[in-house]
Amino acid sequence: MSLRQEGRRQAIPRQRGSRQGGTARKWAGVQNRTLWFWIFVGPFLLGLGVFTYIPLGWSVYLSFFDAHNTVTPSDFVGLGNYTAMLKNEAFTDSLWTFLVFSLFIVPATYALSLALALMVNRLRHAQAFFRSVFFLPAACSYVVAALIWKMSIFNGVRFGLANTVLGWFGGDQIAWLSTTDPPWYWAVIVTVRLWLQAGFYMVLFLAGLQRISPTLYEAAAVDGARPGWQVFRHITFPQLRATSVAVVLLLVINAFQAFDEFYNLLSDARGYPPYARPPLVYLYYTALGQGQNLGLGSAGAVLLALIIAVVTVGQAKWFGLGRKETR
């Protein structure tokens, strides 16, 4: 074999390798970043459009029609569904139920999550362990937690944990979920939501606490500030202003969207009781109940979305969210 032939054989794999390397560089080049962006993000955007934005748009469309037992109505009623919903006492009562629920759950969750964050942030050892322990309930399903509260802790019979503790102190048994005077069911609803979400907001407050510069506390100590309430009031709490605004906004929005704990705690084989119906529970029975008035239910959903938007924007303006701080 001549030297020329041997050189040709060695050149062939080199050419193939150079072609493969060129192809790889071409696919990984700067000009194809947009292509890879759509390859990875495209399926998620497609799912978001198909399962979120299209149903939302169709719901707005249904709200202008008389849609009984159909999603393709033809009887246009304009704003009739909206006026009927605003005049419906059951819908306005559901808004009052939300108001009562938010008055309970928003301050309680805010105070508990902030207290947990302050305690965990002061720990020098096992901070990650306690942070995980308090956050763990946030990963639990609302349905599962509601059933545990209903069947085990606040069961109306004497075998329930709450009634057992009351029996130790000589108290009478309480039908927690069916007693309306006094409304003991609020204790069940608020405690299950508090247990589920306090850990999540604790993590948000922890992130805010860790962003506070230690030099502020050192300067306060030099100025004679006493550790404890005085430092918290004048340094820690003002530095958590942005985090507090975000937490309050999220708490109010989540309170508007309450459904799982109400439905799984209060409903039974006979249906849902006439009391403690938040907006989503009422709209669920309106759209998917016996009448299946999808037009009226869609109008109520649009009104609820508008109320959430107005409340959120109003809170943001009131708290000055996004406003530049003047020094």
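Placed above this text is the structure.
Residues numbered from 1 in each chain as written. Predicted model: local features only at pLDDT ≥ 70, side-chain atom pairs only at ≥ 80, totals over all residues. Heavy atoms only, no water.

Caption draft 1: Molecular detail of the packing of helix α11 (residues 241–256) against helix α14 (residues 294–319). Viewed as axis vectors pointing N to C, α11 and α14 meet at an angle of 165°, and their least axial separation amounts to 10 Å. Classified by the interaxial angle, the pair formed by α11 and α14 is roughly antiparallel. Judged by the sense of rotation from one axis to the other, the crossing of α11 with α14 is right-handed. Together, Arg241, Val245, Val248, Leu249, Val252, Ile253 and Phe256 of α11 and Leu304, Ile307, Ile308, Val311, Thr312, Gln315, Ala316 and Phe319 of α14 make up the contact between the two elements. Taken together, the residues that form the contact of α11 with α14 break down as 12 nonpolar, 2 polar and 1 charged. (Axes fitted to C-alpha atoms, helices over the stretch in contact; angles between N-to-C directions. Helix = DSSP H or I, 4+ residues; strand = E, 2+ residues; numbered from the N terminus. Parallel < 35°, antiparallel > 145°, perpendicular 65-115°, else oblique. Left-handed = near helix turned anticlockwise from the far one by under 90°. Contact = heavy atoms within 4.5 Å. Nonpolar A, V, L, I, M, F, W, Y, C, P; charged D, E, K, R; others polar.)

Caption draft 2: Spatial organisation of the nonpolar core. Counting residues in each nonpolar core, the largest one holds 59 residues, and the members touching the most others are Phe101, Tyr185, Ile189, Phe262, Leu265 and Leu266. Broken down by secondary-structure element, the contributors of at least two residues to this core are α3 (80–86), α4 (89–122), α6 (142–153), α8 (185–210), α11, α12 (260–266), α13 (279–288) and α14. Among the elements that make up this core, the one with the highest residue count is α8 (13 residues). Setting aside residues up to four positions removed in sequence, Leu265 forms contacts with Ala146, Trp149, Lys150, Leu177, Val188, Ile189 and Val192. (Core = buried A, V, L, I, M, F, W, Y, C linked by side-chain atoms within 4.5 Å. Buried < 20%, exposed > 50% of the residue type's maximum accessible area, 1.4 Å probe, protein only.)

Caption draft 3: Inspection of a nonpolar patch on the surface at higher detail. Together, Phe37, Trp38, Leu45, Leu48, Tyr53 and Leu56 make up an exposed nonpolar region whose accessible area comes to about 640 Å². Assignment of secondary structure puts Leu56 in helix α2 (residues 33–62). (Patch = residues over 30% accessible without salt bridge, like charges linked within 9 Å, V, L, I, M, F, W, Y side chains within 5 Å. Areas by Shrake-Rupley, 256 points an atom, 1.4 Å probe, with all protein chains shown as cover. Salt bridge = Lys/Arg side-chain N within 4 Å of Asp/Glu carboxyl O.)

Caption draft 4: Local environment of the packing of α2 against α14. Between α2 and α14, whose axes approach to 7 Å, the crossing angle comes to 115°. With respect to each other, α2 and α14 are oriented roughly perpendicular. α14 is crossed by α2, and the crossing has left-handed handedness. On α14, the residues touching Ser59, Val60 and Leu62 of α2 are Leu294, Gly295, Ser298 and Val302. For the contact of α2 with α14, the per-class residue count stands at 4 nonpolar, 3 polar and no charged.

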